[in-house]
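Each chain, letter by letter, is given below.
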Amino acid sequence: MSDANRDQPDLERCFEAARANPPDTSAGLMARVLADAEALQRVDLTGTPRWRTWLAALGGWPAVAGLGLAACAGLWIGIAPPLAIGDAVLVLTGSDFLGTSGDLFGTGSFDLAVLEG
Amino acid sequence: MDKPQSAMPYEAMTDTTDDDLLARYASGDAAAARALTLRLTPRVFGHAMRLLGDRAEAEDVAQEALMRLWKIAPDWRAGEAQVTTWLYRVTANLCTDRLRRKGRHVDIESIAEPPDPGLSVTGAMQERARADALQTALGTLPDRQRQAVVLRHIDGLGNEEIAEIMDIGLRAVESLTARGKRALAEALAGRRGDLGYTDE
């Protein structure tokens, strides 16, 4: 009998021993797995929270982050517009939109009209 | 230290299939959650332990694999695949990821020394020594060979299911298990006396 053949029955007995001695599963692991299972079951039963539905509808966190960034940029441009924007508006519309007088909302002419009755 | 699993009440619902239990779990049945946990956790953990040889990592993998099962439960289509086949595949993939990150290397010389045969060794201790020696020898095999050998000879699955789990053909399964067994025999050679074979 060759060495290899002689070793095969021994290997089978090692497999038998391994099958007969499975690693002990700790109660801690069982408890964690069950806690996960129950937690996810609760989410499914009570439905997804409303804010998550909105978040998903908007495209998830990346979309919301982009939206927030765009809103902040728009607000900042409104508060402190770069000069280049005024020039661009002048070129495109022919009017001094931002106005060299700085009267963005035309309140000066309104005041004048009120005073003049 | 954690108590052994036998401390938990036995509620595994052995007469109900995995598919049925998973459907009941998805519909909110708390008993199904307990039954699936009791039935599947030892199996998944045992497989991960054989592949990784590290208890803490095997526990993490088992928890993650089962978490994925809970998440997929509402979309599970009964009859398309066996729950255990799917779980073995997920578990093996998670183990492979960890082994790659770790750059596992087991020195063949580090194979656990069995108890001194000069002492009076009980049958149970000898069994344990064989199981430990096999586990360490498994650690010396290439990942795919180890996975195939564990699935075939310890988890006791058929070649067709192993092929499905490993996403390979039947011939590849046979080749991997044959090469794995040869490598194991070589790793354990020279320890026949230590493992208590000479006295039988």
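Use the structure listed above.
Reference entry: report on the structure contained in this document. (Residues numbered from 1 in each chain as written. Chains lettered and ligands numbered in written order. Predicted model: local features only at pLDDT ≥ 70, side-chain atom pairs only at ≥ 80, totals over all residues. Heavy atoms only, no water.)

Along chain B, the regular secondary structure elements total eight helices and zero strands. The helix and strand sequence of chain B, counted from the amino end, reads α-α-α-α-α-α-α-α. Of all 200 residues assigned to chain B, the portion counted as buried reaches 45%. Of the contacts made within chain B by residues no fewer than 6 positions apart, 64% connect residues no fewer than 24 positions apart. (Helix = DSSP H or I, 4+ residues; strand = E, 2+ residues; numbered from the N terminus. Buried < 20%, exposed > 50% of the residue type's maximum accessible area, 1.4 Å probe, protein only. Contact = heavy atoms within 4.5 Å.)

Let us look at the overall build of chain A. Along its length, chain A carries six helices and zero strands. Counting every position in chain A, which comprises 117 residues, the buried fraction comes to 21%. Of the roughly 8200 Å² of accessible surface on chain A, 67% is carried by carbon and sulfur atoms. (Areas by Shrake-Rupley, 256 points an atom, 1.4 Å probe, with all protein chains shown as cover.)

Below, the discussion takes up the packing of aromatic side chains. Residues and elements named next belong to chain B. Within this structure, the stated rule accounts for two aromatic pairs over all chains. The interplanar angle of 40° and the centroid separation of 5.0 Å between the aromatic rings of tyrosine 25 and tryptophan 70 together place this pair among those described as tilted. Residue tyrosine 25 is found in helix α1 (residues 18-26), and its partner tryptophan 70 is found in helix α3 (residues 55-72); the two are separated by 45 residues along the sequence. Tyrosine 25 sits in the buried class, given a relative accessible area of 1%. With relative accessibility at 1%, the residue tryptophan 70 sits in the buried group. (Phe/Tyr/Trp six-rings, centres within 6.5 Å; stacked < 30°, edge-to-face > 60°.)

The next point concerns the layout of surface pockets. A water-sized probe rolled over the atoms picks out the places where empty space is left. By volume, the second largest pocket is sized at about 200 Å³. If you trace the second largest pocket, you find 14 residues lining it, with A:Pro22, A:Pro23, B:Gly46, B:Ile154 and B:Asp155 closest to the centre. Mapped onto the lining of the second largest pocket, the elements with two or more residues apiece are α1 (3-20) of chain A together with α2 (30-52) of chain B. Per-element accounting of the lining of the second largest pocket gives the leading share, five residues, to α2(B). (1 Å grid on protein atoms, 1.4 Å probe; cavity = no way out; pocket = protein on both sides within 12 Å on 5 of 7 lines; lining within 4 Å. Points joined across faces, edges and corners; volume = space filled by probe spheres on them.)

Now for the nonpolar core. Residues and elements named next belong to chain B. Counting residues in each nonpolar core, the largest one holds 51 residues, and the members touching the most others are Tyr25, Leu69, Trp70, Leu87, Leu134, Leu138 and Leu184. Counting residues per element, this core draws most heavily on α2, at 11 residues. Residues in contact with leucine 138, not counting those within four places in the same chain, are Arg146, Val149, Val150, Ile154 and Leu184. (Core = buried A, V, L, I, M, F, W, Y, C linked by side-chain atoms within 4.5 Å.)

Contact residues are listed per partner, giving 47 residues for chain B and 32 residues for chain A. Taking both sides of the interface into account, the surface hidden between chain B and chain A amounts to around 3800 Å²; carbon and sulfur atoms contribute 62%. At the junction of chain B and chain A, the tally comes to two salt bridges. Across the salt bridge formed by A:Glu12 and B:Lys181, the nearest N and O atoms sit 3.2 Å from each other. Summed over the shared surface of chain B and chain A, the result is 12 residue pairs in polar contact (both at pLDDT 80 or more). (Buried area = accessible area lost by both parts, 1.4 Å probe. Salt bridge = Lys/Arg side-chain N within 4 Å of Asp/Glu carboxyl O. Polar contact = N/O pair within 3.5 Å; in protein donor to acceptor, adjacent residues only side chain to side chain.)

Once that is clear, we can look at the pattern of salt bridges. Inspection of every chain in the model, using the stated rule, returns 12 salt bridges over all chains. The closest approach of N and O atoms between B:Arg68 and B:Glu64, which form a salt bridge, is 2.9 Å. Of this pair, B:Arg68 and B:Glu64 both sit in helix α3, four residues apart, which is roughly one turn of that helix. Residue class for B:Arg68 comes out partly exposed when judged on its relative accessible area of 38%. Connected through shared salt-bridge partners, A:Arg32, B:Arg55 and B:Glu59 make up one network.

Residues and elements named next belong to chain B. Two numbers describe how α3 lies on helix α4 (residues 83-102): the axes approach to 9 Å, and their chain directions differ by 135°. By the angle between their directions, the pair α3 and α4 is classed as oblique. Crossing geometry of α3 relative to α4 is assigned as right-handed. Taken together, the residues of α4 that come into contact with α3 (itself represented by Glu57, Asp60, Val61, Glu64, Ala65, Leu66, Arg68, Leu69 and Ile72) are Val83, Trp86, Leu87, Val90, Thr91, Leu94, Cys95, Arg98 and Lys102. Grouping the constituent residues of the contact of α3 with α4 by class yields 11 nonpolar, one polar and six charged. (Axes fitted to C-alpha atoms, helices over the stretch in contact; angles between N-to-C directions. Parallel < 35°, antiparallel > 145°, perpendicular 65-115°, else oblique. Left-handed = near helix turned anticlockwise from the far one by under 90°. Nonpolar A, V, L, I, M, F, W, Y, C, P; charged D, E, K, R; others polar.)

Residue and element names in this part refer to chain B. Under the counting rule described, the total for this entry stands at three cavities of 30 Å³ or more. The volume enclosed by the second largest cavity comes to roughly 50 Å³. Surrounding the second largest cavity, Leu40, Arg43, Val44, His47, Thr84, Leu87, Tyr88 and Thr91 form its lining. Going through the elements one at a time, α2 and α4 are the ones with two or more residues in the lining of the second largest cavity. Split by residue class, the lining of the second largest cavity holds four nonpolar, three polar and one charged.

Mapped onto the fold, A:Ser26 is located in the loop between α1 and α2 (27-46). Within the structure, A:Ser26 has its side chain in polar contact with the backbone nitrogen of A:Leu29 (distance 3.1 Å).

Such coordinate-based values are descriptive only and should not be taken to indicate function.
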